[in-house]
Number of protein chains: 2
Amino acid sequence: MGPRAAETRTRTPLTRERVLQAASDLADRDGLEALTMRALADSLGVEAMSIYYHLPNKDAILDGVVELTFAEVATEAQGQGAGGSPADAAGWAAAVRERILGARRVLLRHPWAPVVIDQRKSFSPAMVRHVDGIVGIMREAGMSHDLIHHSLHAIGNRIYGYVQELSDDGQAPPPGQLEQMQSFAPNLAAMLAEVAHVDPESTLGWCDDQVEFEFGLDLLLEGIERRRVTEAAA
Amino acid sequence: MGPRAAETRTRTPLTRERVLQAASDLADRDGLEALTMRALADSLGVEAMSIYYHLPNKDAILDGVVELTFAEVATEAQGQGAGGSPADAAGWAAAVRERILGARRVLLRHPWAPVVIDQRKSFSPAMVRHVDGIVGIMREAGMSHDLIHHSLHAIGNRIYGYVQELSDDGQAPPPGQLEQMQSFAPNLAAMLAEVAHVDPESTLGWCDDQVEFEFGLDLLLEGIERRRVTEAAA
DNA sequence: GGAAGAAGCCTCACGTTGTAAGGTGAACGA
DNA sequence: TCGTTCACCTTACAACGTGAGGCTTCTTCC
């Protein structure tokens, strides 16, 4: 039998994985700024310096939780239509769209992740694999590497650099502020006044992030599709 | 005469503006992480706590430098064709494009600015004015507030959330890494292998950020233009 | 001219951060 | 039984933002 049989009362031992999972949970619960070495250790019932036995430093922890997040993206992706390949010339955009929205679904559960991703270089293998899948779909649709490359850049910011954008709280700004804005930003003020109350049933205050996200994504995908057709005709 | 005439030998006095300018310079020179209260004070020939007489705290400084950056954007914009309004139904996209590229030119001189902008809420008046100008152009082209609103979201990330993206150093990754990637990200590796050596005369290593940026921007602008035509036809 | 007070800068100190250095006790191979 | 190694802990330090309050120097009013 393993050494676990003789175990008496020690707490479950620290591992790299347990630390990273706890870090992710802590950031989910209390936000990225609450992810300190001492708080993390505390949530594991351990002293801060004990963590350094399993991870070299905090940067490694940040890299680790990003990796962990993209592992989640991968399982999310294979949960969907992983069977056939609907990525022919016609359907590539739908397939890419689905992958990206899937990644977004995961990132919405870990709002700190995009922040961490673009604060550091952070090219984790799982993230690379995710991008690779998208390249594969576009490649199957017959797109050139050059077009794919540009498209990745165009789309890239949108996924990984995705941030909460305006109005986290989902409520209108302090009432006085809008009419004050009217004086020096009249166009913007007019727009906000009209748009603000259009669809109160949307998920979040005046700007439904999901709607906005898909609007931008579709603009890009449509544009890329037209470039693909042009390229294929040549 | 003013009190300046009687001045003997004191150093030039601290002001809010001088502090903010020094902060911007320091971040330009040594990076955002080097912008600490003590280092900032040092660059002003002063002790850290003296700054607090002119600014309430570090957040105010960060807000201030963003404001200062967008003031630069404003002067850059009025340097260009501020005379007539070429923002009719046909030319709105070109006008918006020019504004955004102008903002980008400034932000490239202050690479820390986008980071600061989306770390905090940071809706500085100058930034609001900049957005307002874009709304005005689109409005003149007859677009609905709804379409403008969505378009702002689509474009927004691209400007303010703009980050350096991959390969800051502008060089290819460590040579071994690419063929290692080949095993678990073959599509990506293939693309990189082909794209990497295409245009060595471009400004920065393998990914010319300016080209990529304009590619994405044009995709969005074209898509928005088609939505505008559809909307105008209704 | 002299007193009062404000303006502007400084010293000191505290709590929090990441982490280097090294200690301690249990498990284990010789 | 005796190191050695593993896993965790204690102590300590430099750097961070900043609260409390002190010391000049200038302005203002009598």
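Rules of the game
Residues numbered from 1 in each chain as written. Chains lettered and ligands numbered in written order. Predicted model: local features only at pLDDT ≥ 70, side-chain atom pairs only at ≥ 80, totals over all residues. Heavy atoms only, no water. Helix = DSSP H or I, 4+ residues; strand = E, 2+ residues; numbered from the N terminus. Buried < 20%, exposed > 50% of the residue type's maximum accessible area, 1.4 Å probe, protein only. Contact = heavy atoms within 4.5 Å. Near = heavy atom within 4 Å. Polar contact = N/O pair within 3.5 Å; in protein donor to acceptor, adjacent residues only side chain to side chain. Nonpolar A, V, L, I, M, F, W, Y, C, P; charged D, E, K, R; others polar. pLDDT = per-residue confidence, 0-100. Axes fitted to C-alpha atoms, helices over the stretch in contact; angles between N-to-C directions. Parallel < 35°, antiparallel > 145°, perpendicular 65-115°, else oblique. Left-handed = near helix turned anticlockwise from the far one by under 90°. UniProt positions renumbered as here; feature names shortened; annotations may be inferred.

The name given to chain A in an unreviewed UniProt entry is TetR family transcriptional regulator, with Agromyces bracchium as the source organism.

Draft legend 1. Here's a closer look at the overall build of chain A. A count of helices and strands for chain A gives ten helices and zero strands. When the elements of chain A are put in sequence order from the N terminus, they spell out α-α-α-α-α-α-α-α-α-α. Taken over 234 residues, chain A has a buried fraction of 46%. In chain A, of all internal contacts separated by at least 6 residues, the share reaching a separation of at least 24 is 75%.

Draft legend 2. Region of the structure containing the protein's contact with DNA strand C. If you check the shell around DNA strand C, you find 17 residues, and the closest are Y52 and K58 of chain A together with E47, S50 and H54 of chain B. What you see for DNA strand C is that sugar and phosphate hold 53% of its atoms within 4 Å of the protein. K58 of chain A has a polar side-chain atom sitting 2.6 Å from a phosphate oxygen of DNA strand C. Interatomic distance of 2.7 Å between a side-chain N/O atom of H54 of chain B and a phosphate oxygen of DNA strand C. Residues that form the surface near DNA strand C fall into these classes: nine nonpolar, four polar and four charged.

Draft legend 3. Just the protein's contact with DNA strand D, in detail. Around DNA strand D, the structure places 18 residues, and the nearest of them are S50 and H54 of chain A together with R38, Y52 and K58 of chain B. Counting only the atoms of DNA strand D that lie within 4 Å of the protein, the sugar and phosphate share comes to 51%.

Draft legend 4. Geometry of the confidence of the model for chain A. Within chain A, residue pLDDT values average 76, and 68% of them lie at 70 or more. This stretch, residues 198–206 of chain A, has a pLDDT under 50; its non-local contacts, to residues over four places away or in other chains, come to twelve contacts.

Draft legend 5. Region of the structure containing the packing of helix α3 (residues 58–79) of chain A against helix α4 (residues 92–109) of chain A. Residue and element names in this part refer to chain A. Following both chains from N to C, one finds α3 and α4 inclined at 135 degrees, their axes separated by 9 Å at the closest point. What the angle tells us is that α3 and α4 run oblique. Two packed elements cross with a definite hand, and for α3 against α4 that hand is right-handed. Contacts between α3 and α4 involve T69, E72, V73 and E76 on the former and, on the latter, G102, A103, R105, V106, L107 and R109. By residue class, the composition of the contact of α3 with α4 is four nonpolar, two polar and four charged.

Draft legend 6. Molecular detail of the environment of H150 of chain A. All names here are of chain A. Considering the arrangement of structural elements, one finds H150 in helix α7 (residues 145–160). For H150, a relative accessible area of 15% gives the class buried. Residues H150 and I224, spaced 74 residues apart in sequence, show a C-alpha to C-alpha distance of 9.2 Å.

Draft legend 7. Inspection of the UniProt feature "DNA-binding region" (unreviewed entry) in chain A at higher detail. Within this numbering scheme, the UniProt entry marks residues 36–55 of chain A as carrying the feature "DNA-binding region" (unreviewed entry). With 35% helix and 0% strand, residues 36–55 of chain A has end C-alpha atoms that lie 14 Å from one another.

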